[in-house]
Amino acid sequence: MNNKTVAFIGLGNMGGPMAVNLAKAGFTVNAFDLSPAALDAAKSGGCEPFTDSSAAAKSADYVVTMLPNGQIVEAVYLGENGLLSVVKPDALVIDCSTVAPENSKKVGEAAEAKGIAFIDAPVSGGTAAAGAGTLSFMCGGSSENVERAKAVLDVMGANIFHAGAVGAGAVAKICNNMLLAIHMIGTSEAIQMGVKNGLDPKVLSDIMLKSSGGNWSLEKYNPYPGVMETVPASRNYEGGFFVDLMLKDLNLAVDAAKASSATIPLGGLARNLYSLFREGDAANGRKDFSSIVKMFGQIPE
Ligand code: NAD
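Because the structure is a prediction, the values reported are computed rather than measured.

**Some details on the site of the ligand**
Part 1 of the reasoning: In the vicinity of the ligand lie 23 residues, with N13, M14, D33, L67 and K248 positioned nearest.
Part 2 of the reasoning: In the environment of the ligand, an oxygen atom lies 2.9 Å from a nitrogen or oxygen atom belonging to the backbone of N13.
Part 3 of the reasoning: In the model, an oxygen atom of the ligand is placed 2.9 Å from a nitrogen or oxygen of the K248 side chain.
Part 4 of the reasoning: Elements with a contribution of two residues or more to the shell around the ligand: α4 (70-77) and α11 (243-260).

**Points about the domain arrangement of the chain**
Part 1 of the reasoning: Domain annotation of the chain identifies domain 1 (5-164) and domain 2 (171-296).
Part 2 of the reasoning: A C-alpha centroid distance of 29 Å is found between domain 1 and domain 2.
Part 3 of the reasoning: Contact residues are listed per partner, giving 12 residues for domain 1 and 9 residues for domain 2.
Part 4 of the reasoning: Counting the surface domain 1 buries against domain 2, the share from its top three residues, T98, P101 and M138, is 51%.
Part 5 of the reasoning: Here domain 1 and domain 2 share 0 salt bridges between them.
Part 6 of the reasoning: At the junction of domain 1 with domain 2, the criterion picks out 3 residue pairs in polar contact (both at pLDDT 80 or more).
Part 7 of the reasoning: When residues of the side of domain 1 that touches domain 2 are traced back to their parent elements, those giving at least two are α5 (101-113) and β7 (123-124).
Part 8 of the reasoning: Along the lines of polarity and charge, the residues of the side of domain 1 that touches domain 2 split into 8 nonpolar, 3 polar and 1 charged.

**Quick notes on the packing of aromatic side chains**
Part 1 of the reasoning: Scanning the entire structure with this criterion turns up 5 aromatic pairs.
Part 2 of the reasoning: Measuring from ring centre to ring centre gives 5.4 Å for W216 and Y221, while their planes differ by 25°; the resulting arrangement is stacked.
Part 3 of the reasoning: An angle of 75° between the planes, with centres 5.8 Å apart, marks the rings of F241 and F289 as edge-to-face. You can see F241 sitting in the loop between α10 (216-220) and α11 and its partner F289 sitting in the segment after α12 (265-280), a full 48 residues away along the chain.
Part 4 of the reasoning: Judged by relative accessible area, which is 21%, F241 ranks as partly exposed.
Part 5 of the reasoning: In this structure an aromatic cluster arises from ring pairing among W216, Y221, F241 and F289.

**As for the pairing of strand β1 (residues 5-9)**
Part 1 of the reasoning: A large share of β1 lies buried, amounting to 5 of its 5 residues.
Part 2 of the reasoning: Alternating residues of β1 divide into T5, A7 and I9 and V6 and F8, and every residue in both groups is buried.
Part 3 of the reasoning: With respect to chirality, the unit in which β1 leads through helix α1 (residues 15-24) into the neighbouring parallel strand β2 (residues 28-32) is right-handed.
Part 4 of the reasoning: Examined bridge by bridge, β1 and strand β4 (residues 62-65) share 4 bridges and lie parallel to one another. Across the sheet, the residue bridging to I9 is T65, located in β4.

**Side note on the environment of N30**
Part 1 of the reasoning: Following the sequence through the fold, N30 ends up in strand β2.
Part 2 of the reasoning: In this structure, the C-alpha to C-alpha distance between N30 and M228, residues 198 residues apart in sequence, is 40 Å.
Part 3 of the reasoning: Those residues in contact with N30 that sit more than four places away from it in its chain are T5, V6, A7, F8, E48, F50, A56 and S59.
Part 4 of the reasoning: Within the structure, the side chain of N30 is placed 3.0 Å from the backbone oxygen of A56, a separation counted as a polar contact.

**Topic: the packing of helix α8 (residues 168-196) against α12**
Axis angle and axis distance: for two packed helices, these are the angle between their axes and the distance between the axes, and together they describe the pair.
Part 1 of the reasoning: In the contact formed by α8 and α12, the axes pass within 9 Å of each other and the chain directions differ by 70°. Overall, the two elements α8 and α12 adopt an arrangement that is roughly perpendicular. In terms of crossing hand, the pair formed by α8 and α12 is left-handed. Here M178, A181, I182, M184 and I185 of α8 come into contact with α12, specifically with L266, G267, A270, L273 and Y274.
Part 2 of the reasoning: Per-class residue counts for the contact of α8 with α12 are 9 nonpolar, 1 polar and no charged.

**Here we look at the pattern of salt bridges**
Pairing is possible between side chains of opposite charge, provided their charged atoms come close.
Part 1 of the reasoning: Taken as a whole, this structure holds 6 salt bridges when the rule is applied.
Part 2 of the reasoning: The partner of K88 in a salt bridge is D61, and the shortest N-O contact between them spans 3.0 Å. Of this pair, K88 sits in the loop between α4 and β5 (92-95) while D61 sits in the loop between α3 (53-57) and β4; the two residues are 27 residues apart in sequence, bridging distant segments of the chain.
Part 3 of the reasoning: Accessibility expressed as a relative area gives 18% for D61, which makes it buried.
Part 4 of the reasoning: The partner of E74 in a salt bridge is K106, with the nearest N and O atoms 3.1 Å apart. A residue pair is termed long-range when its members are at least 10 positions apart, and E74 in helix α4 and K106 in helix α5 qualify at 32 residues.
Part 5 of the reasoning: A relative accessible area of 17% means that E74 is categorised as buried.

**Considerations on the nonpolar core**
Part 1 of the reasoning: Residues F8, M18, I94, C96, F137 and L153 are the most contacted members of the largest nonpolar core, which totals 36 residues.
Part 2 of the reasoning: Apart from residues lying up to four places away in sequence, M18 is in contact with F8, M66, C96, V123, A130, L135, F137 and M156.

Calculation rules
- Residues numbered from 1 in each chain as written.
- Predicted model: local features only at pLDDT ≥ 70, side-chain atom pairs only at ≥ 80, totals over all residues.
- Heavy atoms only, no water.
- Near = heavy atom within 4 Å.
- Polar contact = N/O pair within 3.5 Å; in protein donor to acceptor, adjacent residues only side chain to side chain.
- Helix = DSSP H or I, 4+ residues; strand = E, 2+ residues; numbered from the N terminus.
- Domains from an automatic or database assignment.
- Contact = heavy atoms within 4.5 Å.
- Buried area = accessible area lost by both parts, 1.4 Å probe.
- Salt bridge = Lys/Arg side-chain N within 4 Å of Asp/Glu carboxyl O.
- Nonpolar A, V, L, I, M, F, W, Y, C, P; charged D, E, K, R; others polar.
- Phe/Tyr/Trp six-rings, centres within 6.5 Å; stacked < 30°, edge-to-face > 60°.
- Buried < 20%, exposed > 50% of the residue type's maximum accessible area, 1.4 Å probe, protein only.
- Right-handed = clockwise from strand over helix to strand, strands pointing away.
- Pairing = 2+ DSSP bridges.
- Axes fitted to C-alpha atoms, helices over the stretch in contact; angles between N-to-C directions.
- Parallel < 35°, antiparallel > 145°, perpendicular 65-115°, else oblique.
- Left-handed = near helix turned anticlockwise from the far one by under 90°.
- Core = buried A, V, L, I, M, F, W, Y, C linked by side-chain atoms within 4.5 Å.

See the structure below:
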């Protein structure tokens, strides 16, 4: 048990297990979510349930948010009733949601104006890593604040990176997921071409993995059913990282590229392919992102 309190706002697929890991590590976790079911699950995991976010946050030493998008993050922190108007002046505020860099900067500037410490710290690793406490955090903020945040981030993650000033964590997250989408699409395309030309997908995957086409999708997350036992491709693309979330991240990448005049032809194409895939069948939105392999050919039933 330690004597520090964390307010945890947003107890969904990611935030729920992250909050429970903090409670297990001995923090008092003041938990809040709009969903009663999410709040109940956090309570079963040792968190203290609160009926509003301000009550949860006002006595906290750390405030952690894990929310769906940047609009919600701004609504939760800013304004007359926002969390920045109730947190203790010496609290450290950490937003782990995947948002646009502009959202992080806006909240960061408002926090700075009130003398409150803030970092953005989006994550990589998905729900399995959230449960196992092995997430990677990409932090944006001062070195001092990132060091301070390690007291809670170390409990929830295995890798803590300092990307730069506030907003830099969001940029790193968007770049990483854009690259992930691109190599997943490229891997899918290559395997499907091999299959159409008579190759066994597993044999081809083994060859490419040990050759110059090797990449993370081939090594850890093969998109073709039956090549790897434990990945979403081998369980009808259930669970994993939803197409809808990948599309959200690719839209953030396109927005960030526009705002900075960066050229992202492949990122833009990846965004469009995921969008077409989603439009083809709305149910695809709730399938793992490796199911994009179906755009390039049939897969075995
Ligand atoms: P989720 O939809 O499961 O959880 C979000 C939670 O926030 C929900 O329980 C919802 O009720 C709650 N919420 C919404 N508005 C709220 C408010 N105003 N106050 C309090 N609670 C509110 O989503 P998730 O999968 O946990 O993702 C959370 C964030 O993490 C997103 O930004 C997502 O892009 C990012 N992320 C997700 C994954 C993943 O694999 N799921 C991986 C990396 C990053």
